[in-house]
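Structural description and commentary
Here is what each chain is made of, one letter per residue.
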Amino acid sequence: MLECSNLKKVYLNKTAVEDISLTLEKGRIYALLGPNGSGKTTFMKMISGLVKPTHGTIEYEGMPIGVQSKKDIAYMSTEPFFYSFMTVESVGKYYKDFFEDFDEDKYVKLIGEMELNMKDKVNKLSSGMSAKLKIAATMARNAKLYLLDEPLNGIDIIAREKIITTILNAASDDSTIVISTHLVDELEAVIDSVVFIKDGKSVIYGDAEQIREQRGKSIVELYKEIYG
Amino acid sequence: MLKLMKYEFRKQMFSKMVIAIILGVLVGYFAVMNIMDKEQNAAVALGLMFFVMMVAAFYVSMESLVVYGKDLKTKQSYMLFLVPQSSYKILGAKMIAAVLQIFFTMAIYIVTLGLCGMIYLMKYSNIKQMLEFLKEIFEVSFDMQIDFWLVFKVLSSMFILWVFIVILGIFAETLMNTVLTRGKLTSFLSVVMYIFIFWAVARVESGIYDGMIAANISNAVANAIDIIYYLVVDVALYIASAWLIDKKLSV
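From a predicted model like this one, the values you see are computed outputs, not experimental measurements.

Below, the discussion takes up the packing of helix H3 (residues 88-98) of chain A against helix H1 (residues 2-35) of chain B. The axes of two packed helices give the description: the angle between them and the distance between them. Put simply, H3 of chain A and H1 of chain B touch, their axes get as near as 10 Å, and they point 155 degrees apart. When the axes of H3 of chain A and H1 of chain B are compared, the pair comes out roughly antiparallel. Two packed elements cross with a definite hand, and for H3 of chain A against H1 of chain B that hand is left-handed. Contacts between H3 of chain A and H1 of chain B involve Lys 93, Tyr 94, Asp 97 and Phe 98 of chain A from the first element and Lys 3, Leu 4, Lys 6 and Tyr 7 of chain B from the second. When grouped by side-chain class, the residues that make up the contact of H3 of chain A with H1 of chain B number four nonpolar, no polar and four charged.

See the structure below:
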């Protein structure tokens, strides 16, 4: 579904992504692992079309990233990004206005589950509430590829389970989910594939079960070994 | 594109409301002073209205650029650049919205002045007397003779220039956030470039205008060509900005 070749992104004199080549397959859940500053966010932003690569190519369904890919890819950034004049309700209207795959009923249901109020202004929400709103808006899309950048950041332990369930509910044979995180232990049980990124390079990439078997270690243990 | 424009309006609606409220209060003051036969105070209200209009015109232009800057530099840029629309449509919506806001602000001005005219007419029931009154105000306040044809020409030129200033600003900001990498001198360079392009475009325009006058082309035709010239420049700046966003912008 998505193929990246020799991706590189340089900002002034800082290299955010050095060299990433990988293929994302349909119907799988990927964990994009690495500490802060390893290049996970830049990599996701390149796929979503927000950042232009300095070098390399990305092809989504055989086409370069553009208007068509943005119709199918739902990206959720780690920081809040809604317009300050918006309410929870108008965020839904915005998504409905621009994304054909947005399911309004699903959004209303998710907002209820996240205990958010439709009339609340987004700039008055706490960081946890804001994180829940991002999840609700993104997961209310029936996207083919979800890119979730640190979806559990700012979410309390009780709500994390609900978020993970919401994410898993979106998983299907037709949709692919990429979750960037450093909270590896909370996701180890649900991921199919894993990409370890270090200093802008993918150091280990493949099927999670195979990696566990080949290395004789859990993903959490590998994480500690690579970044420890 | 209409949906994109709708959100552009939402981003800047508040300032238009404030402008309308301030002008509304001044119109009210103008009306009361007229009823009380305090012509000097009415003239002060009118003078204040013109002052507010000039400041608001400057603010409206700057606001479009400030909002565009936020759309490029802050996380709110994701809202705009994640939508499945081409950069040409996104920027087109932004520029049309900016121009329509200038129109809208001018419409507020026209309504304001229309209301003042109506108030004056209700008092004196005489258009001629009202126009004389307006001329008097201009002569007293700005020490200038008023010619209404000239006023129309000045207003249309102001509108064209106003649009050009905003579109050039959008181009400069786009350039600053794409080709010119965000270094220490970026802002300074973009201001220098803005001034240079402004100067160059005005110089070419002045050369064309002088050439047309020397060739005995009528004033009306020369003015029309002048407007077309600025439209062509605006379209060229729009295409260049959208191309830069499409190929170079990283937010």
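A few words now on the interface of chain A and chain B. Taken residue by residue, the interface counts 24 residues in chain A and 27 residues in chain B. Carbon and sulfur atoms supply 66% of the area buried between chain A and chain B, which totals about 2,600 Å² over both sides. When residues of chain A are sorted by the area they lose upon contact with chain B, Leu 50, Tyr 83 and Phe 98 of chain A head the list and together hold 26% of the total. Connecting chain A to chain B are two salt bridges.

What follows deals with the side chain of Gln 76 of chain B. Tracing the backbone shows Gln 76 of chain B in the loop between helix H2 (39-73) and helix H3 (77-81). Residues contacting Gln 76 of chain B, with those up to four places away along its chain left out, are Phe 81 and Tyr 83 of chain A together with Lys 70 and Asp 71 of chain B.

Looking now at the domain arrangement of chain B. Residue and element names in this part refer to chain B. Domain boundaries assigned for chain B yield domain 1 (1-145) and domain 2 (147-251). Facing the 27 residues of domain 1 at the interface are 24 residues of domain 2. Here domain 1 and domain 2 share an interface that buries about 2,500 Å² over both sides, 79% of which is from carbon and sulfur atoms. Interface area lost by domain 1 to domain 2 is led by Leu 72, Tyr 88 and Met 95, which between them contribute 25%. Across the contact surface, domain 1 and domain 2 share zero salt bridges. The tally of links from domain 1 across to domain 2 stands at five residue pairs in polar contact (both at pLDDT 80 or more). Breaking the side of domain 1 that touches domain 2 down by element, the ones donating at least two residues are H2, H3, helix H4 (87-124) and helix H5 (127-142). Examining the composition of the side of domain 1 that touches domain 2, we find that 11 residues originate from one element, H4, more than from any other. For the side of domain 1 that touches domain 2, the per-class residue count stands at 17 nonpolar, eight polar and two charged.

The next subject is the pairing of strand E3 (residues 29-33) of chain A. Residue and element names in this part refer to chain A. In terms of residue burial, E3 counts as a mostly covered element, since five of its five residues are buried. Residues Ile 29, Ala 31 and Leu 33 line one face of E3 and the alternating positions Tyr 30 and Leu 32 line the opposite face, and both faces are buried. Where E3 and strand E8 (residues 176-181) come together, five bridges link them in parallel fashion. Residue pairing across strands places Tyr 30 opposite Val 178, the latter belonging to E8. Pairing of E3 with strand E9 (residues 193-198) involves four bridges; the strand directions are parallel. Note on E9: the bridge partner recorded for Tyr 30 is Ser 193.

Calculation criteria
Residues numbered from 1 in each chain as written. Chains lettered and ligands numbered in written order. Predicted model: local features only at pLDDT ≥ 70, side-chain atom pairs only at ≥ 80, totals over all residues. Heavy atoms only, no water. Axes fitted to C-alpha atoms, helices over the stretch in contact; angles between N-to-C directions. Helix = DSSP H or I, 4+ residues; strand = E, 2+ residues; numbered from the N terminus. Parallel < 35°, antiparallel > 145°, perpendicular 65-115°, else oblique. Left-handed = near helix turned anticlockwise from the far one by under 90°. Contact = heavy atoms within 4.5 Å. Nonpolar A, V, L, I, M, F, W, Y, C, P; charged D, E, K, R; others polar. Buried area = accessible area lost by both parts, 1.4 Å probe. Salt bridge = Lys/Arg side-chain N within 4 Å of Asp/Glu carboxyl O. Domains from an automatic or database assignment. Polar contact = N/O pair within 3.5 Å; in protein donor to acceptor, adjacent residues only side chain to side chain. Buried < 20%, exposed > 50% of the residue type's maximum accessible area, 1.4 Å probe, protein only. Pairing = 2+ DSSP bridges.

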